Amino acid sequence: MLGKDVTEIKLRDYYHHAIEWAGSLKLGRELERIRKDVKTDFEYLKGSLIDKELLSPSAAEASDLNLSILVVDCRERKTPPLPEIPGVKKIEY
């Protein structure tokens with residue numbers, strides 16, 4: 001953004017999180033926390049752009065977050081299988 005150091009911009013084009021397997025419930029909670037954090041960063045960026053008059057409020061309202069989550073299962077034993085979570089793609093490694 002104009003006049004800002006790139007490290008000050010919270011939104012990134014790629015996020016990486018390592019989550020140690022502790023069951024389906026914890027995985028679901030962690031993925032929901034990550035989703036929330038990314039959405040918060042996105043809303044912060046839109047607000048900053050509006051404040052600097054680089055984005056109109058109506059354009060910000062029309063801008064949706066396009067978030068894809070990919071879970072890579074690196075466990076040696078793949079049991080139990082990863083749960084089906086809406087909006088999450090899974091692959092085994």
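Look up: the structure comes first, before these words.
Draft legend 1. Structural view of the environment of Leu 65. Summarising the element assignment, Leu 65 is placed in the loop between α2 (57-62) and β1 (69-73). Residue Leu 65 is classed as partly exposed on the basis of its relative accessible area of 32%. Sequence-distant contacts of Leu 65, defined by excluding residues within four places in its chain, comprise Val 38, Lys 39 and Phe 42.

Draft legend 2. Molecular detail of a nonpolar patch on the surface. A surface patch of nonpolar side chains, amounting to about 430 Å² of accessible area, comprises Leu 70, Val 72, Ile 91 and Tyr 93. Tracing the backbone through its elements, the reader meets Ile 91 in strand β2 (residues 88-92). Ile 91 gets classed as partly exposed once you look at its relative accessible area, which sits at 36%.

About the criteria used
- Residues numbered from 1 in each chain as written.
- Predicted model: local features only at pLDDT ≥ 70, side-chain atom pairs only at ≥ 80, totals over all residues.
- Heavy atoms only, no water.
- Helix = DSSP H or I, 4+ residues; strand = E, 2+ residues; numbered from the N terminus.
- Buried < 20%, exposed > 50% of the residue type's maximum accessible area, 1.4 Å probe, protein only.
- Contact = heavy atoms within 4.5 Å.
- Patch = residues over 30% accessible without salt bridge, like charges linked within 9 Å, V, L, I, M, F, W, Y side chains within 5 Å.
- Areas by Shrake-Rupley, 256 points an atom, 1.4 Å probe, with all protein chains shown as cover.
- Salt bridge = Lys/Arg side-chain N within 4 Å of Asp/Glu carboxyl O.

By themselves these figures say nothing about function.
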